[in-house]
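# Fold and geometry: a report
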Amino acid sequence: MSPRMGRPTNDPKGNYTGIRLSDDEVRKLEVCMKKTGLSKTGVIRQGVNTLYTKLERMEERSVGMHSFYDVHGNVIPFENRAQLHLELQKDVASGKITAYLVECDDTIYQVDKRTYDVLDEM
């Protein structure tokens, strides 16, 4: 007899974990499933990945080094928020924002809106 074969994958999920949840946690899980369209497993995987990413960011911050990507995909490292000067470039006639700029160590970098907003909240 040959072993059972499922769909081929580059990320096999061979580990099983069972968990116990309170009624409130089950309700929250079901709300997440309904709003996202994900399965229970999908919601739990996304939660694990989100928490893991958050912990990695906290670890990076504890080391004291940060970085951001400019619009060309270059990584720009910096040690603290005080090194950065944020500025919006606007069209003179319309007043519309044309670029999001970050000055770091006397160099000006163009970034996307999301990066600008994250740096602005630091």
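The structure this text deals with has already been given above.
Described below are features of the structure shown in this document. Everything numeric here is computed off the predicted structure, so don't read it as measured data. (Residues numbered from 1 in each chain as written. Predicted model: local features only at pLDDT ≥ 70, side-chain atom pairs only at ≥ 80, totals over all residues. Heavy atoms only, no water.)

## Focus on the nonpolar core
Phe-68, Ile-76, Phe-78, Leu-84, Leu-86, Tyr-100, Val-102, Cys-104, Tyr-109, Val-111, Tyr-116 and Leu-119 form the largest nonpolar core, which has twelve residues in total. Mapped by element, the contributors of at least two residues to this core are β2 (75-78), β3 (84-90), β4 (97-104), β5 (107-111) and α3 (113-121). If you tally residues by element for this core, the top one is β4, at three residues. The contact partners of Tyr-100, leaving out residues within four places of it in the chain, are Glu-87, Leu-88, Tyr-109, Gln-110, Val-111, Asp-112, Lys-113 and Tyr-116. (Core = buried A, V, L, I, M, F, W, Y, C linked by side-chain atoms within 4.5 Å. Buried < 20%, exposed > 50% of the residue type's maximum accessible area, 1.4 Å probe, protein only. Helix = DSSP H or I, 4+ residues; strand = E, 2+ residues; numbered from the N terminus. Contact = heavy atoms within 4.5 Å.)

## Observations regarding the pairing of β4
Direction of pairing for β3 relative to β4: antiparallel, over a ladder of seven bridges. Looking across to β4, one finds that Leu-88 is bridged to Tyr-100. Taking the residues that link successive antiparallel strands as the turn, the β3-β4 hairpin has six residues, and the phi of Gly-95 there is positive, at about 80°. Bridge analysis of β4 against β5 gives five bridges, and the strand direction is antiparallel. Note that in β5 the partner of Tyr-100 across the bridge is Val-111. Here β4 hands over to β5 after two residues, with Asp-105 in that stretch at a positive phi of 55°. (Pairing = 2+ DSSP bridges.)

## Observations concerning α3
Those residues of α3 lying buried are Thr-115, Tyr-116 and Leu-119. The buried residues of α3 all sit within an arc of 100° when viewed along its axis, so they share a single face. Across α3 from its buried face, at more than 90 degrees, point the exposed residues Arg-114 and Glu-121. On its buried face, α3 sits against β1 (66-69), β2, β3, β4 and β5. (Arc of directions from axis to C-beta.)

No statement about biological role is implied by the geometric values presented.
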